[in-house]
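Coordinates in review
Residue strings, one per chain:
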Amino acid sequence: MKKSFADLMEIRKRTLNQVNLRVDNDGGTRVVVGMATCGIAAGARPVLKAFSEEVTKRELKDVTVTQTGCIGMCRLEPIVEITVPGQEKVTYVHMTPEKAARVVAEHIVNKQPVKEYTIGAAE
C-alpha cells in the first residue's frame, strides 16, 4: 500500500510526539517505569504504553514518560515512580494499564497521589 506525503507527515508527527514524551523536561513531572526483565515479565510494557498514551491524549506538555532498569523490588512489579515538582517521589506498585489512567488523572493532573496503589499500601 502506497503512502501519500500527507500520510508520511502524519506518521512523522505521531512518532515525534512519542519521542518527545521521553525527552527530559527540566522542572516537569517525571513518570519512570521499571523495564528490567522482571518488570517486563510482570507487564510493564503495556503500563509504559498506557502512561504515554494517556499523557498524549490529555496533551500534558510538562510530563516526561521514560523507563529505567531494575528498581529493586521485583515482587512488586510493574513499578512506576512519579516525581512531581514540589512533592516527594511516589512509588506505585503492581501497576496495570487501567491503574495508569487513574494515576494520570488523579496524581499528575490533580496532584493527589492514589494511595492504595503505592508501595506503602502494598506492604
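In what follows, the structure referred to is the one given above.
Residues numbered from 1 in each chain as written. Predicted model: local features only at pLDDT ≥ 70, side-chain atom pairs only at ≥ 80, totals over all residues. Heavy atoms only, no water.

**Observations regarding the nonpolar core**
- Formed by 24 residues in total, the largest nonpolar core has its most connected members in Val-31, Phe-51, Val-80, Ile-82, Tyr-92, Met-95 and Val-103.
- Breaking this core down by element, the ones donating at least two residues are strand 1 (29-34), helix 3 (44-57), strand 2 (63-68), strand 3 (80-83), strand 4 (90-92) and helix 4 (97-109).
- Looking at this core, the element that brings in the most residues is helix 3, giving six residues.
- Leaving out residues up to four positions away in the same chain, Ile-82 has contacts with Thr-29, Arg-30, Val-31, Phe-51, Glu-88, Lys-89, Val-90, Tyr-92, Val-103, His-107 and Ile-108. (Core = buried A, V, L, I, M, F, W, Y, C linked by side-chain atoms within 4.5 Å. Buried < 20%, exposed > 50% of the residue type's maximum accessible area, 1.4 Å probe, protein only. Helix = DSSP H or I, 4+ residues; strand = E, 2+ residues; numbered from the N terminus. Contact = heavy atoms within 4.5 Å.)

**Points about the packing of aromatic side chains**
- Enumeration according to the criterion identifies zero aromatic pairs in this entry.
- Over the face of the ring belonging to Tyr-117 we find Lys-99, whose NZ or CZ atom lies 5.0 Å from the ring centre. (Phe/Tyr/Trp six-rings, centres within 6.5 Å; stacked < 30°, edge-to-face > 60°. Lys NZ or Arg CZ within 6 Å of the ring centre and 35° of its normal.)

**Details of the environment of Val-33**
- Note on placement: Val-33 falls in strand 1.
- With 58 residues separating them along the chain, Val-33 and Thr-91 place their C-alpha atoms 9.9 Å apart.
- Apart from residues lying up to four places away in sequence, Val-33 is in contact with Ala-44, Leu-48, Thr-66, Gln-67, Thr-68, Ile-79 and Val-80.

**As for the sheet that holds strand 1**
- Strand order in the open sheet formed by four strands is 2-1-3-4, with mixed pairing between adjacent strands. The sheet is open, and its two edges are formed by strand 2 and strand 4, each paired on a single side. Ignoring which end each strand starts from, the neighbouring axes of this sheet average 20° apart.
- Set on the sheet, helix 3 makes contact with strand 1, strand 2 and strand 3; between it and strand 2 the angle comes to about 170°. (Pairing = 2+ DSSP bridges. Axes fitted to C-alpha atoms, helices over the stretch in contact; angles between N-to-C directions.)

**Thoughts on unusual backbone geometry**
- The linkage connecting Glu-77 with the following residue, Pro-78, adopts the cis geometry, with an omega of -10°.
- In this structure, Pro-78 sits in the loop between strand 2 and strand 3.
- One non-glycine residue, Glu-59, adopts positive backbone phi at about 55°.
- Among the structural elements, Glu-59 can be located in the loop between helix 3 and strand 2.
- The class for Glu-59 is exposed, based on a relative accessible area of 58%.
- With a phi close to 60°, Lys-111 is a non-glycine residue in the positive phi region.

**Let's talk about the pairing of strand 1**
- Counting buried residues in strand 1 gives five out of six residues, a clear majority hidden from the surface.
- When strand 1 meets strand 3, the two strands line up antiparallel, connected through four bridges. Residue pairing in the sheet places Val-33 in a bridge with Val-80 of strand 3.

**Details of the side chain of Thr-66**
- Considering the arrangement of structural elements, one finds Thr-66 in strand 2.
- Other than its neighbours up to four places away in sequence, Thr-66 contacts Arg-30, Val-31, Val-32, Val-33 and Leu-48.

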